[in-house]
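Residues per chain are reported as follows:
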Amino acid sequence: MRRRDLLVGGLAGLAVAAAGAESARSVWDSGRDERPLPPPPRTRPVHLQVVAHPDDCLYFINPRMARVLAAGAALCTVVLTAGESDGRNTRDPAGAPDYAGYSAARNTGLRRAYAHMATGDSESPWDRSRAVLGSGQQVEVCLLRRRPDVQLIFCSLWTNLGRITGRYTRLLGLWEGDLRSSLVLPPTGSPLTDATAVDRETVTGSLLELLDHYRPTVVNTLDPDPDPVVGERLGAEQRGYSDHIDHTAAALFAWDAAREWAGAAVIESWRGYYNRRWPGNLGAADRDAKGRALNLYSWADGFDCGDPVGCGDRVVVGPGTGDSYGLGTHPRYAAAVAAAETGGRHRALTVQGTRLRLHSGPGSTEMGGPDLLPGIATAGSRVFGIRADHTHDPAAHVRDLHCLDLATGRWTDLGNPAGTGEYARRIGPPTAADDGTTALVAVRAPDRAIAVRTKPVGRDWTDWTELDGPMIHDSPHAYATADGRIEIVGATPSGLAIWRWTSHGWTVRDLDLPHVGGEPGYAPAGAVAAAGGPGGRIVLASRSGGSADVVVHFGRGRTWTATLLRLEGGIMPPSVAVSGDGTVAIAADNGAGAAAVAVFGVEALEHGPSERPRIRWGHGDVVLTRRPALAFDAAGILRLWAVGADGALYSAEAAAGDGPPTAWAPARRRDD
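The present account deals with the structure reproduced in this document. Just so we're clear, the structure is a prediction, and the values are computed from it rather than from any experiment. (Residues numbered from 1 in each chain as written. Predicted model: local features only at pLDDT ≥ 70, side-chain atom pairs only at ≥ 80, totals over all residues. Heavy atoms only, no water.)

### Some remarks on the overall build of the protein chain
Alright, step 1. The helix and strand tally for the protein chain stands at 12 helices and 37 strands.
Alright, step 2. Each principal axis of the C-alpha atoms in the protein chain carries an extent, and together these give about 75 × 50 × 45 Å.
Alright, step 3. A burial count over the protein chain gives 63% of its 672 residues as buried.
Alright, step 4. Excluding contacts between residues fewer than 6 apart, the proportion of contacts in the protein chain whose partners are at least 24 apart in sequence is 60%.
Alright, step 5. Of the accessible surface of the protein chain, which amounts to about 23,200 Å², a share of 48% is contributed by carbon and sulfur atoms.
Alright, step 6. Here the protein chain carries 69 positive and 76 negative side-chain charges, and the mean point of each set is 1 Å from the other. (Helix = DSSP H or I, 4+ residues; strand = E, 2+ residues; numbered from the N terminus. Buried < 20%, exposed > 50% of the residue type's maximum accessible area, 1.4 Å probe, protein only. Contact = heavy atoms within 4.5 Å. Areas by Shrake-Rupley, 256 points an atom, 1.4 Å probe, with all protein chains shown as cover. Lys, Arg positive; Asp, Glu negative; His and termini not counted. Charge placed at Lys NZ, Arg CZ, Asp CG, Glu CD.)

### Thoughts on the state of the cysteines
Alright, step 1. Under the criterion given, the structure shown has one disulfide.
Alright, step 2. The disulfide bridge from cysteine 305 ends at cysteine 311, spanning 2.0 Å between sulfur atoms. Judged by the torsion about the S-S bond (-90°), the cysteine 305/cysteine 311 disulfide is left-handed. Comparing cysteine 305 with cysteine 311 shows no difference in burial state: the two are buried.
Alright, step 3. Cysteine 142 forms no disulfide, and the closest cysteine sulfur to it belongs to cysteine 76, at a distance of 10 Å. (Disulfide = S-S within 2.5 Å.)

### As for helix H9 (residues 200-214)
It helps to recall that an α-helix has 3.6 residues per turn; residues three or four apart then point in one direction.
Alright, step 1. Over its 15 residues, H9 extends 22 Å from the first C-alpha to the last, a length consistent with the 21 Å expected when each residue adds 1.5 Å.
Alright, step 2. Burial analysis of H9 places 11 of its 15 residues in the buried class, which makes it a mostly covered element.
Alright, step 3. Among the residues of H9, Arg200, Thr202, Val203, Thr204, Ser206, Leu207, Leu208, Leu210, Leu211, His213 and Tyr214 are the ones counted as buried.
Alright, step 4. Following H9 by one or two positions, arginine 215 has its phi on the positive side, about 45°. (Expected span 1.5 Å × (residues − 1).)

### Re the pairing of strand E22 (residues 477-480)
Alright, step 1. Bridge count for E22 against strand E23 (residues 486-492) is four bridges, and the pairing is antiparallel. Each bridged residue has a counterpart across the sheet, and for alanine 478 the counterpart in E23 is isoleucine 488.
Alright, step 2. In this structure, the hairpin formed by E22 and E23 is closed by a connection of five residues, where glycine 484 is found at a positive phi of approximately 90°. (Pairing = 2+ DSSP bridges.)

### Observations concerning the packing of H9 against helix H10 (residues 245-261)
Describing two packed helices takes the angle between their axes plus the distance from one axis to the other.
Alright, step 1. The geometry of H9 relative to H10 is characterised by a closest axis approach of 9 Å and an angle of 55° between their N-to-C directions. By the angle between their directions, the pair H9 and H10 is classed as oblique. In the packing of H9 onto H10, the handedness of the crossing is right-handed. Contact residues: H9 offers Arg200, Val203, Thr204, Leu207, Leu208, Leu211 and Asp212, while H10 offers Phe253, Ala254, Asp256, Ala257, Ala258, Glu260 and Trp261.
Alright, step 2. Of the residues assigned to the contact of H9 with H10, the class counts are nine nonpolar, one polar and four charged. (Axes fitted to C-alpha atoms, helices over the stretch in contact; angles between N-to-C directions. Parallel < 35°, antiparallel > 145°, perpendicular 65-115°, else oblique. Left-handed = near helix turned anticlockwise from the far one by under 90°. Nonpolar A, V, L, I, M, F, W, Y, C, P; charged D, E, K, R; others polar.)

### Let's talk about the pairing of strand E36 (residues 649-654)
Alright, step 1. In terms of burial, E36 is a largely internal element, five of the six residues being buried.
Alright, step 2. In this sheet, E36 lies alongside strand E35 (residues 638-643) in antiparallel orientation, the contact comprising six bridges. Counterpart to leucine 638 in the pairing with E36 is alanine 654.
Alright, step 3. Hairpin connection of E35 to E36: five residues between the antiparallel strands, including glycine 647 at a positive phi of 85°.
Alright, step 4. With two bridges joining them, E36 and strand E37 (residues 665-666) adopt antiparallel strand pairing. Looking at E37, one finds that serine 651 is bridged to alanine 665.

### Re the packing of aromatic side chains
Alright, step 1. In total, this model carries eight aromatic pairs according to the counting rule given.
Alright, step 2. Summarising the aromatic geometry, the rings of tyrosine 274 and tryptophan 278 are spaced 6.4 Å apart at their centres and angled 75° between planes, so their arrangement reads as edge-to-face.
Alright, step 3. The buried category is assigned to tryptophan 278, whose relative accessible area is 9%.
Alright, step 4. Both rings, one in phenylalanine 384 and one in tryptophan 461, keep their centres 5.9 Å apart while their planes meet at 85°; by these two values the pair is edge-to-face. Of this pair, phenylalanine 384 sits in strand E15 (residues 382-389) while tryptophan 461 sits in the loop between strand E20 (450-456) and strand E21 (465-467), placing them 77 residues apart in sequence.
Alright, step 5. Judged by relative accessible area, phenylalanine 384 falls into the buried class, the value being 1%.
Alright, step 6. Three or more aromatic residues joined by ring pairs make a cluster, and in this case those are Tyr59, Phe60 and Tyr273. (Phe/Tyr/Trp six-rings, centres within 6.5 Å; stacked < 30°, edge-to-face > 60°.)

### Brief notes about the sheet that holds E36
Alright, step 1. Spatial strand order, E34-E35-E36-E37: four strands in an open sheet with antiparallel pairing. If you trace the sheet from one side to the other, it starts and ends with strand E34 (629-632) and E37, each paired once.
Alright, step 2. By the bridge criterion, four bridges tie E34 to E35 in an arrangement that is antiparallel. Within E35, the position partnered with phenylalanine 632 by the bridge is leucine 638.

### Re the environment of glycine 593
Alright, step 1. Note that glycine 593 resides in the loop between strand E31 (583-589) and strand E32 (594-601).
Alright, step 2. You can call glycine 593 buried: its relative accessible area is 3%.
Alright, step 3. Considered as a pair, glycine 593 and glycine 101 are 492 residues apart in the sequence and their alpha carbons are 37 Å apart.
Alright, step 4. For glycine 593, the contacting residues outside a window of four places in its chain are Arg67, Val622, Val623 and Leu624.

### Concerning helix H6 (residues 99-119)
Alright, step 1. Its 21 residues place the ends of H6 30 Å apart at the C-alpha level, agreeing with the 30 Å of an ideal helix rising 1.5 Å per residue.
Alright, step 2. Most of H6 sits inside the fold, with 20 of its 21 residues counted as buried.

### Quick word on the packing of H6 against helix H11 (residues 284-297)
Alright, step 1. The interhelical angle for the contact between H6 and H11, taken along N-to-C directions, is 145°, at an axis separation of 7 Å. In this structure, H6 crosses over H11, and the sense of that crossing is right-handed. The segment H6 lies against H11, with Arg106, Gly109, Leu110, Arg112, Ala113, His116 and Met117 engaging Arg292, Ala293, Leu296 and Tyr297.
Alright, step 2. For the contact of H6 with H11, a count of residues per class yields six nonpolar, two polar and three charged.

Structure below.
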């Protein structure tokens, strides 16, 4: 659709007319003048969200935002579309459409939710203005008066214009080139005045300008590679994928801009509608906090804000914690900090921006190689990551696995079991293990089972081998057992599966783990972490479905115990390590977003179904953005690393025999 088609067809005039009514609310919180972008905070970290619709951050990123706000971080959320849907702020299909009015009501709901999270008062006033970016795009900037470091930027692209014109106008069409430009829909009462048309280069240029202006320490996006649809569509509006079509497009725009910006920010993507297909992973406190923000957004309190178009999104109506996908919040790249053994000791590795860095002593070293997604894995001295080209051509997407050998400094391109294109996007983050004779790396196969490559000592990497087995979620975990075997465990929609290498090749079976109390049929709420324990047994750690509690399974074959570690809050899957003397360490995040660490002897896991061993958590004081990585050294010292809300790497440690560490410090200081 060309710009001339829009303007000559009279749709620009339609948009201006729809947005022309001045609301009573504008006296309360809207300035009609044009101003430059407000100066970004320079004394605190900035978290920048790029989303498609006004409620995406509340459903898919919260409670992360509430935690970093409480920790004092600044917050700026960029909403790309007008979110106008069918123009009806009601579930009544007979209601008259008002596209500009519905968009305005959704934006008001988002401001109310943010005001509540930041100040405790949903009616705390905002200052609203219009800014013209260097790209030429006009945006609405909302600044919370009591906390001016909390800002909202509305781009208001009209993505459902096809309901009027009969033409394809989705955001993904703009990304892929099927749509040459997208019309801006000024919401009712907005300081936006022009129904201009915006092309793909303008959107990317605007995001680059905002990244450069705010220089965030953390960038949150939606999921650029959503899982394929299995079973019912459950809200998916794109062919073959489980997520909303605008969510995926917004994520692709955001990742493209972030890679071109080349800043050192922590970048994370968050799962969208696929949350409905996993058990909920939020504890009661997080569900309530997330639900309060969603209730305000959806105008469940019925507050009269004085705006005739409405004070929130009436279409989003449900229980106090949102509907079914409001019960889970899953980061896409949970294992984004890893430890590798080099130079006789463990060192932490992270991806900052899209560059791999090795942290050692007073600083960190960029390790060269390709631009990488955040999810990385280590085995011995090798580091594995995924190079991503988020292309405009669906058939040309690249998600290739690369390996860095820290011992030699050599990078190796290991490719993708699906080659390039749409199927290549399904592999997810890598996992790796090394038993001393063979190194293995595994990813999810295109059909969502497992694909592996191996490297025996002194030989080259084998070709990709796809293993038979059930469909898994995208974060399998490989590990070496104490008796010298490599295994892979993965969460499936109904439980877990385990792959084992034997002299006859790979075998796979469902892993029928018990719930705490002995009932069979345990299904984790997300990825599972694994480590080899004494006597060839295995320690597995995962979040329990319907809560934030961590369940530790210990056993072998068909004999397992289940131990509950109660943990109120947290959204990241746990990590686990076992020392040579049988000390187990579990790390996760808690309800404040800080590290929770448990350290105990493996004998605590050897008990009957009705026994409840007392294992306590130690809680840190640094709000995290990445799941902690942990490792025991040869002396039995436990070392942990995690990335804080300020984007910096922190570490903690505990001597052999000590309890869980609670004191975290910048890693460069501790590692000197």
